[in-house]
Amino acid sequence: MAFGQPRIEYKTNAQMRTMHEAGLVLSRALDAAVAAAAPGVTTARLDEVFAAVLQDAGAKSNFLGYHGFPATICTSVNEEVVHGIPGGRVLADGDIISIDGGAIVDGWHSDSARTVIVGTPDPEDVRLSQVTEEAMWRGIAALATGKFVGDVGNAVDDYVSSVPGKPLGILEDYVGHGIGSEMHMAPDVLNYRTSHRGPKIRPGLCLAIEPMLVRGSIDTAVLDDDWTVVTTDGKRSCQWEHSVAVHEKGIWVLSAPDGGAAKLKPLGVVPVPIP
């Protein structure tokens, strides 16, 4: 502890390369879960599909058993923001679902989330997901060019605020985080602009950047299962997330097979593989 703040864990290149291995397994597992999401499919089935990929790869889930969480992914549908528990819920045509999962390889963690709309999409849900995903990439780009972790939240907020059309809300109660030998570590990664700059960005820093946006009020509540977070007005929500490493040569998106190259290119950022 320094000045009352949790110590940040800075990783070696070798440790970050192992985190990338975990991220690649996680990406394949999310690919499978997203592909399985369709009307008539239960959220429990998505969990089974995801878990099978981890098992085949010899990786472990960092969600299962985490503070008692009973599954390998969070499945948050429609008004559910985060931490939805997979179960008997049957996906219906037009549902929007955020699938959040993680994997551990040799003790090193990855964490990533994607949103998918099943069946016939509502154009406003498409917009919500597209803006949330792009906001995440703007935050990742800021990690490559900024000086402080707070620059990530500034970039997310500035982008979301600039999008034409009906304003979308950025959740403030749930934020990104450091990641490494544990899934949730210091520092917090805010998704909104504040006067707090946060710690300096330096090599060895690994962050999970995960904006969560809503179509209505940012007020939320936790259901009786003590996990599922919902919007209090019942409006729909969305989450996108990637784990990202900072090293001496640049950044690398640990949970993307191409390190984030395709999505970062339009933003003027070229990710560099971990040496």
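So, here is what we can say about the structure in this document.

What counts, and where the lines are drawn
Residues numbered from 1 in each chain as written. Predicted model: local features only at pLDDT ≥ 70, side-chain atom pairs only at ≥ 80, totals over all residues. Heavy atoms only, no water. Helix = DSSP H or I, 4+ residues; strand = E, 2+ residues; numbered from the N terminus. Rg over C-alpha atoms; globule rule 2.2 N^0.38 Å. Contact = heavy atoms within 4.5 Å. Areas by Shrake-Rupley, 256 points an atom, 1.4 Å probe, with all protein chains shown as cover. Lys, Arg positive; Asp, Glu negative; His and termini not counted. Charge placed at Lys NZ, Arg CZ, Asp CG, Glu CD. Buried < 20%, exposed > 50% of the residue type's maximum accessible area, 1.4 Å probe, protein only. Polar contact = N/O pair within 3.5 Å; in protein donor to acceptor, adjacent residues only side chain to side chain. Phe/Tyr/Trp six-rings, centres within 6.5 Å; stacked < 30°, edge-to-face > 60°. Lys NZ or Arg CZ within 6 Å of the ring centre and 35° of its normal. 1 Å grid on protein atoms, 1.4 Å probe; cavity = no way out; pocket = protein on both sides within 12 Å on 5 of 7 lines; lining within 4 Å. Points joined across faces, edges and corners; volume = space filled by probe spheres on them. Nonpolar A, V, L, I, M, F, W, Y, C, P; charged D, E, K, R; others polar. Pairing = 2+ DSSP bridges. Axes fitted to C-alpha atoms, helices over the stretch in contact; angles between N-to-C directions. Expected span 1.5 Å × (residues − 1). Core = buried A, V, L, I, M, F, W, Y, C linked by side-chain atoms within 4.5 Å.

Secondary structure summary: the chain contains five helices and 14 strands in total. Its C-alpha radius of gyration of 17 Å places the chain within 12% of the 19 Å reference for a compact globule of 275 residues. For the chain, the spread of C-alpha atoms along the three principal axes comes to 45 × 45 × 40 Å. Contacts in the chain between residues at least 24 apart in sequence constitute 70% of all its contacts with a sequence separation of at least 6. Of the roughly 11,700 Å² of accessible surface on the chain, a fraction of 52% belongs to carbon and sulfur atoms. Computed over 22 positive and 34 negative side-chain charges, the inter-centroid distance for the chain is 9 Å.

To continue, consider the side chain of Asn62. Tracing the backbone shows Asn62 in the loop between α2 (43–57) and β1 (73–77). Take Asn62: its relative accessible area is 5%, and that puts it in the buried class. One polar contact links Asn62 to His109, side chain to side chain, over a distance of 3.1 Å. If we ignore the near neighbours within four places in the chain, the residues touching Asn62 are Gly102, Ala103, Ile104, His109, Ser110 and Met183.

The tally for this structure, following the rule as stated, stands at one aromatic pair. When the ring of Phe69 is compared with that of Trp227, the centres are 5.0 Å apart and the planes differ by 80°; the resulting orientation is edge-to-face. Here Trp227 lies in the loop between β10 (220–222) and β11 (229–231) and Phe69 lies in the loop between α2 and β1, a separation of 158 residues in the sequence. For the pair shown, Phe69 and Trp227 are each scored as buried. Sitting over the ring of Phe148, Arg197 keeps its end group 4.1 Å from the ring centre. Above the face of the Tyr10 ring, Arg202 is positioned so that its terminal group lies 3.7 Å from the ring centre.

Here the focus is the layout of surface pockets. A volume near 280 Å³ is recorded for the second largest pocket. Along the walls of the second largest pocket sit 17 residues, with His83, Asp100, His177, His184 and Glu210 positioned nearest its centre. Partitioning the lining of the second largest pocket into residue classes produces 10 nonpolar, four polar and three charged.

Within a sheet, adjacent strands bond to each other through the backbone by hydrogen bonds, running parallel or antiparallel. Read from one edge to the other, the open sheet built from three strands follows the order β1-β3-β4, with strand pairing classed as antiparallel. Each edge of the open sheet carries a strand with a single partner, namely β1 and β4 (108–117). Strand-to-strand twist across the sheet, computed as the mean angle between neighbouring axes with direction ignored, equals 15°. Judged from the five bridges that link them, β1 and strand β3 (residues 96–105) form a sheet pairing that is antiparallel. Looking at β3, one finds that Ile73 is bridged to Gly101.

Given 3.6 residues per turn, any residue in an α-helix points the same way as the ones three and four places further on. The terminal C-alpha atoms of helix α4 (residues 150–162), which comprises 13 residues, lie 18 Å apart, in line with the 18 Å expected from a rise of 1.5 Å per residue. Its buried side turned inward, α4 meets α3 (123–145), β5 (169–170), β7 (185–189), β8 (206–209) and β9 (212–214).

This paragraph deals with the nonpolar core. Core analysis: the biggest nonpolar cluster contains 34 residues, and Ile140, Leu143, Val160, Leu205, Ile209 and Leu264 have the highest contact counts within it. Within the residue set of this core, elements represented by two or more residues are α3, α4, β7, β8, β13 (242–247) and β14 (250–253). Residue contributions to this core peak at eight residues, all from α3. In this structure, Leu143 is in contact with Val152, Ile201, Leu205, Leu207, Ile209, Val244, Val246 and Ile251, ignoring residues within four places of it in sequence. Of all hydrophobic cores here, the second largest spans 22 residues; its members include Ala37, Ile99, Ala103 and Val118.

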